[in-house]
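# Fold and geometry: a report
Okay, here's what each chain looks like letter by letter:
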Amino acid sequence: MQTEKTYSKWLVLFNVGLGTLMSTLSAGVTNTALPFIAAEFEVQLEITQWVVSAYMLVIASLLPIFGKIADVSGRKKIYSTGLLIFSIGSILCGFATSALMLILFRVIQALGSAMTMANTLAIVASVFPENERGKAMGISNTVVAVGTLAGPGIGGLLIDLFGWRSVFWFVVPFGIAAYIISFKILPELKSEKAEAEIKFDGTGALFFTLAMLLFILGVSNANEYSWNKYVIAAIILSVVFAVLFVFNEKRHASPLIDLSLFQNRMLVGGILANFFSFVGLISINFLMPFYLQEVLVLSASEMGIMLTAIPLAMGITAPFAGRISDRIQPVYIATFGLVVSLLGQLSLLGLGLYSLKADIYLRLFIVGVGRGIFQAPNNSAIMGSVAEHRFGVVGSLISLARNVASVLGIALTVAIFSNVYAAKLASREISSTLVERQIFIESFQVVMAITSILLVCGIIASLFRNKK
């Protein structure tokens with residue numbers, strides 16, 4: 001019986017890994033295709049960016065909703081349906097005849113992705129006992145790293161051989177295979193306690209969706225529209241709907257998000273640590289390609305190799321960190337990972353006009369090592385601090401923190417970098433390519449310094465949570 005149980009749970013992890021690989025590969029190949037999509041449909045960057053923005057908006061708005069539904073009606077049903085919807089959306093994206101049609105089909109993709117993302121951590125946490133949960137999540141994080149690592153390269157190859165539409169069709173076999181396998185091997189994973197909560201909080205879902213949509217729309221467009229009255233209005237309205245959401249949750253018999261969860265210091269500290277860590281990471285991911293291209297003037301292939309450092313390091317270290325966290329208090333491992341990430345991020349302050357490629361790769365690799373050590377133990381600690389019938393909601397909150405951190409991190413990075421760059425450029429009497437590159441480095445260093453401070457906040461949140 002033990003052999004059968006072990007075999008079954010590893011098949012479940014394989015299935016979840018297949019779905020995760022589909023999502024991460026899709027993100028990488030889609031980003032690679034954006035310039036070619038813009039060229040074929042003859043649209044500007046402002047329109048093309050919605051291929052990505054609409055996808056992120058839908059996911060962020062729906063994650064807790066699907067997490068709650070899965071806790072009540074069963075995770076297998078929601079997860080499997082999400083795989084199917086994502087696959088259908090991917091097929092449709094490949095047949096889009098206009099930018100608007102592609103954006104609409106990306107919304108369908110995002111609907112399926114939200115259903116799977118809301119349940120991935122919950123499924124792993126449900127089928128693996130506490131003494132193996134960290135190892136399983138470490139392996140899952142390695143799959144994320146592999147997908148992130150391979151996505152851009154595969155995307156470029158597919159576009160060269162078959163055109164940009166092929167990047168959407170490429171992920172469909174992964175989705176269909178994961179969908180079929182999920183019916184064969186996934187347990188139902190429906191809590192009896194959650195099953196009693198049959199009244200869905202529709203009002204709370206509406207308030208949450210409006211709050212997230214308006215907030216992300218406002219923040220993601222703030223820099224482009226110079227924080228005009230429409231941006232301010234969107235953010236203010238998002239706060240209003242957030243307040244209404246909180247009042248509704250306090251009064252509802254079966255709230256979308258049980259606010260008592262936030263009395264759990266392990267959960268709050270872990271999610272805050274996750275949030276701050278992703279703000280720091282997204283600033284590196286966003287600015288590093290520009291540094292490699294505009295300052296060091298590397299070729300596209302050289303840039304691609306350099307940018308493999310972080311996901312490669314994560315893929316190597318995540319399984320070991322997860323396994324160790326099954327034996328040692330995961331909070332200590334997660335906090336140590338954040339400290340390593342901070343050291344790596346601070347090391348980027350030393351980059352200059354003539355930095356060697358090997359030196360840059362090593363610094364980025366240290367960042368990736370820290371990320372790999374942090375992620376699995378942190379997620380394991382969070383999921384282990386709540387009852388199983390809350391796994392769906394809590395797993396979706398972890399994913400939500402990552403998505404919101406990415407949006408805020410990019411907005412913060414662009415705002416800081418743009419303002420510092422413009423001020424320094426205006427203060428120089430002579431402008432030349434060399435001067436502009438030096439100003440880029442100085443502005444880059446300011447962003448790294450500020451996001452490093454935020455990473456320190458994540459370390460504090462991780463270190464001072466309840467470790468029991």
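Residues numbered from 1 in each chain as written. Predicted model: local features only at pLDDT ≥ 70, side-chain atom pairs only at ≥ 80, totals over all residues. Heavy atoms only, no water.

### Considerations on the overall build of the chain
For clarity, the threshold we go by: Under the DSSP-based scheme used, a helix requires at least four consecutive residues in state H or I and a strand at least two consecutive residues in state E, with every element numbered from the N terminus. As a reference, a globule follows 2.2 Å times the number of residues to the power 0.38, and the radius of gyration itself is taken over C-alpha atoms. Each residue is placed in one exposure class: buried if its accessible area under a 1.4 Å probe, protein chains only, is under 20% of its type's maximum, exposed if it is over 50%, and partly exposed if it falls in between. It only takes one pair of heavy atoms within 4.5 Å for two residues to be counted as in contact.
Of the regular secondary structure elements, the chain holds 18 helices and 0 strands. In terms of overall size, the chain behaves like a compact globule, its C-alpha atoms giving a radius of gyration of 22 Å where 468 residues would be expected to give roughly 23 Å. Expressed along its principal axes, the backbone C-alpha trace of the chain runs to roughly 70 × 50 × 45 Å. Per-residue burial for the chain yields a buried fraction of 56% across its 468 residues. Taking contacts inside the chain between residues at least 6 apart in sequence as the whole, the part at least 24 apart equals 85%.

### Focus: the side chain of glutamine 375
Quick reminder of the rule: Distance and chemistry together define a polar contact, namely a pair of N or O atoms within 3.5 Å, with one atom able to donate a hydrogen and the other to accept it when in protein, and with adjacent residues in sequence counting only for side-chain atoms on both sides.
Inspection of the secondary structure assignment puts glutamine 375 in helix α16 (residues 357-383). Only 3.1 Å separates the side chain of glutamine 375 from the side chain of asparagine 274, close enough to count as a polar contact. Not counting residues within four places of it along the chain, the set of residues in contact with glutamine 375 comprises Asn141, Asn274 and Phe278.

### Some points on the confidence of the model for the chain
For clarity, the cut-off: A residue's pLDDT is the predictor's confidence in that residue, given on a scale from 0 to 100.
Confidence along the chain averages 84 in pLDDT terms, with 94% of residues attaining 70 or more. Helix α9 (residues 192-195) is the least confidently modelled element of the chain, averaging 51 in pLDDT, while helix α15 (residues 330-347) averages 92, the highest of any element. Ignoring residues within four places in sequence, the model shows residues 1-7, a span with pLDDT below 50, making 0 contacts including any to other chains.

### Notes on the nonpolar core
Stated formally: What makes a nonpolar core is a set of buried Ala, Val, Leu, Ile, Met, Phe, Trp, Tyr and Cys residues whose side-chain atoms join them at distances within 4.5 Å.
Ranked by internal contacts, the top residues of the largest apolar core, which has 71 residues, are Met383 and Leu400. In terms of residue count, helix α5 (residues 99-127) provides more of this core than any other element does, 11 residues in total. Formed by 32 residues, the second largest nonpolar core is a distinct cluster that contains Val279, Val295, Leu351 and Phe417.

### Regarding the packing of aromatic side chains
Put simply, the rule is: Side-chain rings of Phe, Tyr and Trp (the six-membered ring for Trp) are treated as a pair once their centres are within 6.5 Å; stacked means planes under 30 degrees apart, edge-to-face means over 60, and tilted covers the remaining angles. The criterion for a charge sitting over a ring is simple: Lys NZ or Arg CZ within 6 Å of the ring centre, and within 35 degrees of the ring normal.
Tallied over the entire structure, the rule returns 11 aromatic pairs. Relative to tryptophan 169, the ring of phenylalanine 95 has its centre 5.2 Å away and its plane inclined at 55°; by these criteria the two rings are tilted. Taken together, the residues span a long stretch of sequence, with phenylalanine 95 in the loop between α4 (75-94) and α5 and tryptophan 169 in helix α7 (residues 166-170) at a distance of 74 residues. Look at tryptophan 164 and phenylalanine 168: their rings are 6.1 Å apart centre to centre, the planes differ by 85°, and that puts the pair in the edge-to-face class. Linked through ring pairs, Phe41, Trp164 and Phe168 together constitute an aromatic cluster. When the ring centre of phenylalanine 278 is taken as reference, the NZ or CZ atom of arginine 371 above it lies at 4.3 Å.

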